[in-house]
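# Coordinate inspection notes
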Amino acid sequence: MDETAVPAVVEPKCPGCALGDRRVSASGEIVTMHELSCTALPAPGAAGTSGVRRGGPSAGKPLGMATMPAPAATARPSVSAAVPRLRSGELRAMVAGVLADSAPAALTPRVIAARLNRSSGAVGNACRTLAGQGAAEVASTSPLAYRATTTTATAAAPARAPRRKPAAARRTGTVSTGAPAAPAGKRSAGAVTGPVLRPNGTEYHPRLVAGTMLPDVTALRRLKEAGVAALLYGPPGTGKTSVVEAAFPDCVTVQGDGDTVVADLVGDYTKTPDGEFVFVHGPLVRAMREGVPLFIDDATLIPPTVLAVVYPAMDGRRQIVVKANGGEVVDAAPGFYVVAGHNPGVHGAVLTDALSSRFSVQVQVSSDYDLADQLGVDPKVVRVARNLATRQERGEVGWAPQLRELLAFKKITAVLGIDAAAANLVGIAPEVDRDTVAAVVRDAFGRIVKPLALGARITATTR
Ligand SMILES: Nc1ncnc2c1ncn2[C@@H]1O[C@H](COP(=O)(O)OP(=O)(O)OP(=O)(O)O)[C@@H](O)[C@H]1O
Ligand SMILES: [Mg+2]
């Protein structure tokens, strides 16, 4: 990723009054700070308000994606209601909770507001009240920052007291977590089952997480809410990137490779047209500040020492120090989450213990050949792919066409015809497996198929 190409002003402006500084609402929408109080705009959550969204980039077995029955309805990424109202004194207690949790660090009202997804003005008032009560102290005046005192935790108690259980939960003795596991054999309520539009405009067809009744898109969103980092792994072209983009259309993506350096994640100095050098924050900092997911694709190609810069943001601290920018401290806003993709078969991929232990959920992604059928890929080539996948599992071949190759087969057929598409399939097989692939293609298509190649020169007679 070439961060030097990013212009100096990286934060979009409030559409109402052109002030900057973005933040994320409780519903996951990105709005500007000012947009929350801007009188030129409808209140957040009011009818007609639209947030500014970023387009993007089985038992005993590993967790994986299973085929889901053909979807019935189209679902779009949900946009939920406005920030809930608080009872009197509740915000103050919540602010005290943030200060107590961060002790002995000093926090500005703005940072606290971002963590709580509340207006910084209201949080500033709460800080002043707490300081007046001795439940917080002013740590610095420029910028104005507060830190916890010995009584801050007590002031936080009302916010931490468990709310009364809902009647149903009281009867059964269960507590709703807000992200209930799907009961066996029953689709989870609110699950995303229909096609989801990805930022690139293509449709993603959700799949069930094997051994559950939970669609992958829903599962990822719930893992995010629960703060459980997820790693998707599998061969190229199976759907790892697609499912993440479908689940988190507002995610910030880092495409990992062996040349990725710390600056590609946190940012670097860049020259403005005026000849000044300004620090342009990288995707990690942007995702932390905006409270959106960070998708690290091909994470295991990134040198482990570079990737380690993300770990403090994922750990309890949810904070990083940007050494390259004078030790700037960046706190993760609510909504920040890390999800990664990994292809174990790629040369140079290293899944270190440090990386693996931070991704508590690791989901294997393999091709959904039923989906290829549903998407209109020629049944003969789907049969070829299934056959080769079975042989691959038995260790007889090292390669089988995945969903990407099958979707490409369909497109190539439309342009060059099915014979050329079949010939191309043989040609793209790794040399070591080509004879086997050619034999399986021959059996399915009923004729010998050679790799796609150029033929004779066009002459006057063939013109
Ligand atoms: N469930 C799905 N619904 C619709 N299209 C899908 C689905 N899964 C994968 N695809 C399609 O399959 C192709 C490959 O998917 P994708 O790029 O996500 O694979 P990947 O696993 O990320 O591959 P790589 O490891 O090479 O990055 C894409 O064209 C994508 O649109
Ligand atoms: Mg990918």
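Before reading on, note that the structure itself is shown above.
Before going into details, it helps to say that this report is about the structure given with it. All of these numbers come straight from a predicted model, not from anything done at the bench.

Quick look at helix H16 (residues 403-416) now. Between its terminal C-alpha atoms H16 stretches 19 Å, which fits the 20 Å expected from 14 residues at 1.5 Å a residue. Looking at the buried side of H16, the elements it contacts are helix H14 (369-374), helix H15 (379-394) and helix H17 (418-428). Backbone geometry just after H16 places Gly417 at a positive phi near 100°.

Let us now look at the site of ligand 1. Near ligand 1 you find 20 residues, and of these Pro236, Gly239, Lys240, Thr241 and Ser242 are the closest. Secondary structure elements with two or more residues in the shell around ligand 1: helix H8 (240-247) and H16. The residue makeup of the shell around ligand 1, split by class, is 6 nonpolar, 10 polar and 4 charged. Here the shell around ligand 1 gathers at least three residues from each of two domains, domain 2 (192-364) and domain 3 (369-445).

Where strand S14 (residues 319-322) and strand S15 (residues 328-331) come together, 4 bridges link them in antiparallel fashion. What sits directly across from Gln319, in S15, is Asp331. The hairpin turn running from S14 into S15, its antiparallel successor, is 5 residues long, and Gly326 in that turn takes a positive phi close to 65°.

Below, the discussion takes up unusual backbone geometry. Leaving glycine out, the prevailing phi sign among residues is negative, and the prevailing peptide bond configuration is trans. Unusually for a residue other than glycine, Asp298 sits at a positive phi of about 50°. Tracing the backbone through its elements, the reader meets Asp298 in the loop between strand S13 (293-297) and helix H11 (304-307). Looking at Asp298, the number of C-beta atoms within 10 Å reads 22, which means it is buried. Here Arg318, not a glycine, exhibits a phi torsion of approximately 50°, which is positive. Turning to its location among the elements, Arg318 is positioned in the loop between helix H12 (311-314) and S14. The class for Arg318 is partly exposed, based on 17 C-beta atoms found within 10 Å.

In this model helix H2 (residues 90-102) runs 19 Å from its N-terminal to its C-terminal C-alpha over 13 residues, within 8% of the 18 Å that 1.5 Å per residue would give. Extensive coverage of H2 is indicated by the burial of 11 of its 13 residues. Residues of H2 that are buried: Leu91, Arg92, Ala93, Met94, Val95, Ala96, Gly97, Val98, Leu99, Ala100 and Ser102.

Soluble, globular proteins show a tendency: their nonpolar side chains are buried together. By size, the foremost hydrophobic cluster in this structure holds 78 residues, and its most contacted members are Val95, Ala96, Leu99, Leu284, Met288 and Leu294. The greatest single-element share of this core, amounting to 8 residues, is contributed by H2. Residue-level mapping places this core at the junction of two domains, with at least three residues from each of domain 1 (90-160) and domain 2 (192-364). Not counting residues within four places of it along the chain, the set of residues in contact with Met288 comprises Ala313, Val330, Ala332, Ala333 and Phe336. The next biggest cluster of nonpolar side chains, apart from the first, holds 26 residues, and it includes Val382, Leu425, Val437 and Val441.

The rules behind the values
Residues numbered from 1 in each chain as written. Chains lettered and ligands numbered in written order. Predicted model: local features only at pLDDT ≥ 70, side-chain atom pairs only at ≥ 80, totals over all residues. Helix = DSSP H or I, 4+ residues; strand = E, 2+ residues; numbered from the N terminus. Expected span 1.5 Å × (residues − 1). Contact = placed C-beta atoms within 7 Å. Near = placed C-beta within 6 Å. Nonpolar A, V, L, I, M, F, W, Y, C, P; charged D, E, K, R; others polar. Domains from an automatic or database assignment. Pairing = 2+ DSSP bridges. Buried ≥ 20, exposed ≤ 12 C-beta atoms within 10 Å, placed from the backbone. Core = buried A, V, L, I, M, F, W, Y, C linked by C-beta atoms within 7 Å.

So far we have only geometry, and geometry alone does not tell us how the molecule works.
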